[in-house]
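Each chain is listed here by its residues.
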Amino acid sequence: MKICSIIFLILLICWGTIFLIDRDRTLSLREPIFAQLKFTEESYPSRSIYKGIGYTIIVTRDSNIISITMTIFNQIIAASIT
């Protein structure tokens, strides 16, 4: 039982670290590192959707405006716009 708890705790710490790094990058208007690009829409404005482990990041680019939104369970938890 102790080993299972330790493994769970290690996995939770790893996920939290990954999540916080991508959240920090979202708040500073940079692309995520650990989320994978799943969809790109080349219309105007262009839109890219990244999927992480339990979270989604949406990047929207207009001519000079970029906005990044991070969601978990369809709730916005971080957003930035220039």
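If you're wondering where the values come from, they're calculated on a predicted model, not measured in any experiment.

S.K.: Is there a simple way to explain the side chain of Ser80 in this structure?
M.R.: Tracing the chain through its elements places Ser80 in strand β5 (residues 75-81). In this structure Ser80 comes out as buried when scored by relative accessible area, which is 12%. At a separation of 3.0 Å, a polar atom in the side chain of Ser80 contacts the main-chain carbonyl oxygen of Leu27. If near-sequence neighbours (up to four positions away) are discounted, Ser80 is found in contact with Thr26, Leu27, Ser28, Leu29, Ile66, Ser67 and Ile68.

S.K.: Is there a simple way to explain the packing of aromatic side chains in this structure?
M.R.: One pass over the structure, following the stated rule, counts two aromatic pairs. Considering the side-chain rings of Trp15 and Phe19, the 5.2 Å spacing of their centres and the 10° angle between planes classify their relative orientation as stacked. Of this pair, Trp15 and Phe19 both sit in helix α1 (residues 2-27), four residues apart, which is roughly one turn of the helix. Seen from their ring centres, Phe19 and Tyr55 are 5.6 Å apart, and the 75° between their planes marks the pair as edge-to-face.

S.K.: For this particular structure, what's the right way to read the confidence of the model for the chain?
M.R.: In low-pLDDT segments, the atomic positions of the prediction should not be examined closely. Considering every residue of the chain, the mean pLDDT works out to 90; 100% of them sit at 70 or more. Mean pLDDT across the secondary structure elements of the chain bottoms out at strand β1 (residues 36-41), with 87, and peaks at α1, with 94.

S.K.: Even after reading the chapter, I still don't get the pattern of salt bridges, so can you show me in this structure?
M.R.: Pairing between side chains of opposite charge can happen when the charged atoms of each approach one another. In the structure shown here, the tally under the stated rule is two salt bridges. The salt bridge involving Arg30 is made with Asp24; its shortest N-O contact spans 3.8 Å. In this structure Asp24 comes out as partly exposed when scored by relative accessible area, which is 45%. Here Glu31 and Arg61 are joined by a salt bridge, their closest N and O atoms 2.1 Å apart.

S.K.: Honestly, the pairing of strand β2 (residues 46-51) in this entry has me stumped. Any pointers?
M.R.: On a regular strand, one side chain projects to one face of the sheet and the next to the other, so that they alternate. Examined bridge by bridge, β1 and β2 share five bridges and lie antiparallel to one another. When the bridges of β2 are listed, Gln36 appears paired with Lys51. Linking β1 back to β2 in an antiparallel pair, the connection comprises four residues. Looking at chain direction, β2 and strand β3 (residues 56-61) are connected through six bridges and run antiparallel. Its bridge partner being in β3, Ser46 is matched across the sheet by Arg61.

What counts, and at which threshold
Residues numbered from 1 in each chain as written. Predicted model: local features only at pLDDT ≥ 70, side-chain atom pairs only at ≥ 80, totals over all residues. Heavy atoms only, no water. Helix = DSSP H or I, 4+ residues; strand = E, 2+ residues; numbered from the N terminus. Buried < 20%, exposed > 50% of the residue type's maximum accessible area, 1.4 Å probe, protein only. Polar contact = N/O pair within 3.5 Å; in protein donor to acceptor, adjacent residues only side chain to side chain. Contact = heavy atoms within 4.5 Å. Phe/Tyr/Trp six-rings, centres within 6.5 Å; stacked < 30°, edge-to-face > 60°. pLDDT = per-residue confidence, 0-100. Salt bridge = Lys/Arg side-chain N within 4 Å of Asp/Glu carboxyl O. Pairing = 2+ DSSP bridges.

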